[in-house]
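# Observations on the three-dimensional arrangement
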Amino acid sequence: MAVLKERNDTYTWFITPKLASLFPFNDEPVTQSIQEIIDFKSDAILCPGNEVPHFLRGVKVQIFHGLAGEKKGHFRIRHYFDLYLTQGPYFTSRFNAFKEKHKNFEVVQTGWSKLDAYLLNKATLLSEKKELLANLNAEKVILYAPTFSPSLTSAAHLKNQIETLAKQGKYVINIKFHDLMAQEFIDFYKNLAERYENVFFKEDRNIVAQFIVADLLISDTSSVIYEFLLLDKPVITLNNISENIRWDNIKDPDKLAEAVLQI
């Protein structure tokens, strides 16, 4: 948005009513009305999701919302988009192959703008981390960030194991869930955070801040793995389905504590 403002371009955000309370930019133009978007008569629509109404005016651009290419649907061509702005060579080559087949869209590799935030407020975050570890007499910060997908999430299987790590007292455990995580798991892990002073259920929108302070990520089959690996830090997953695993992937939930100790 900074570039659009510099160019004095007119823009607006669209967000569904269900997610309206999560919209973080209070000073930005935003609407929940499709009719308002029709009336806006946009020249381009930048979409981080997989769908966009075909009847809206403007070049339709998918900018993606993750790095997990193994997830079902990531490379599905739905014929909504005129342009795909890809995150890197792996994604670019795959979409270029589809381009040759369908011949009705373009592909440009731009990288992923979310990663720019890795350099913001880093020194402050690390200072706060040092203070937190000292106050709790803890050694490391663990980030638990599972996927919400019912068939892939570890949230149901790692309840006891995450609590075991919490009981040890030597770890600060930050829990960050996707907005679509099942309520039963949100309730359980929030309760866990209420019972242990070294466990924190994070509801803010900035997961990048959690990446920066964490020493270790625990997950499953989630795109956050690839974002975290860019920081050259260790990852432990449960039953990840990727064909190119470059981290520690366990099959038995009861092996989690042992895997953490080996990091």
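Everything below is about the structure printed above this text.
Residues numbered from 1 in each chain as written. Predicted model: local features only at pLDDT ≥ 70, side-chain atom pairs only at ≥ 80, totals over all residues. Heavy atoms only, no water.

## Notes on the sheet that holds strand 9 (residues 199-202)
Spatially, the six strands line up as an open sheet ordered 9-8-7-10-11-12, and their pairing is parallel. Of all strands in the sheet, those with a lone pairing partner are strand 9 and strand 12 (248-250), marking the two edges. Adjacent strand axes in the sheet meet at a mean angle of 20° when their direction is disregarded. Running at roughly 140° to strand 9, helix 6 (residues 183-195) makes contact with strand 7 (140-144), strand 8 (171-176) and strand 9 of the sheet. (Pairing = 2+ DSSP bridges. Helix = DSSP H or I, 4+ residues; strand = E, 2+ residues; numbered from the N terminus. Axes fitted to C-alpha atoms, helices over the stretch in contact; angles between N-to-C directions. Contact = heavy atoms within 4.5 Å.)

## A short note on the environment of phenylalanine 185
Mapped onto the fold, phenylalanine 185 is located in helix 6. According to the relative accessible area criterion, phenylalanine 185 is buried, its value standing at 10%. Spatially, the C-alpha atom of phenylalanine 185 lies 9.6 Å from that of phenylalanine 148, the residues being 37 residues apart in sequence. When sequence neighbours within four positions are dropped, the list of residues in contact with phenylalanine 185 reads Thr153, Ala155, Ala156, Lys159 and Phe177. (Buried < 20%, exposed > 50% of the residue type's maximum accessible area, 1.4 Å probe, protein only.)

## Here's the deal with helix 5 (residues 159-168)
Restricting attention to buried positions, one finds in helix 5 the residues Gln161, Ile162, Glu163, Leu165 and Ala166. Residues of helix 5 that are buried in the fold lie against strand 7, strand 8, helix 6, strand 9, strand 10 (216-219) and helix 9 (256-261). Positive backbone phi, approximately 80°, marks glycine 169, located one or two places after helix 5.

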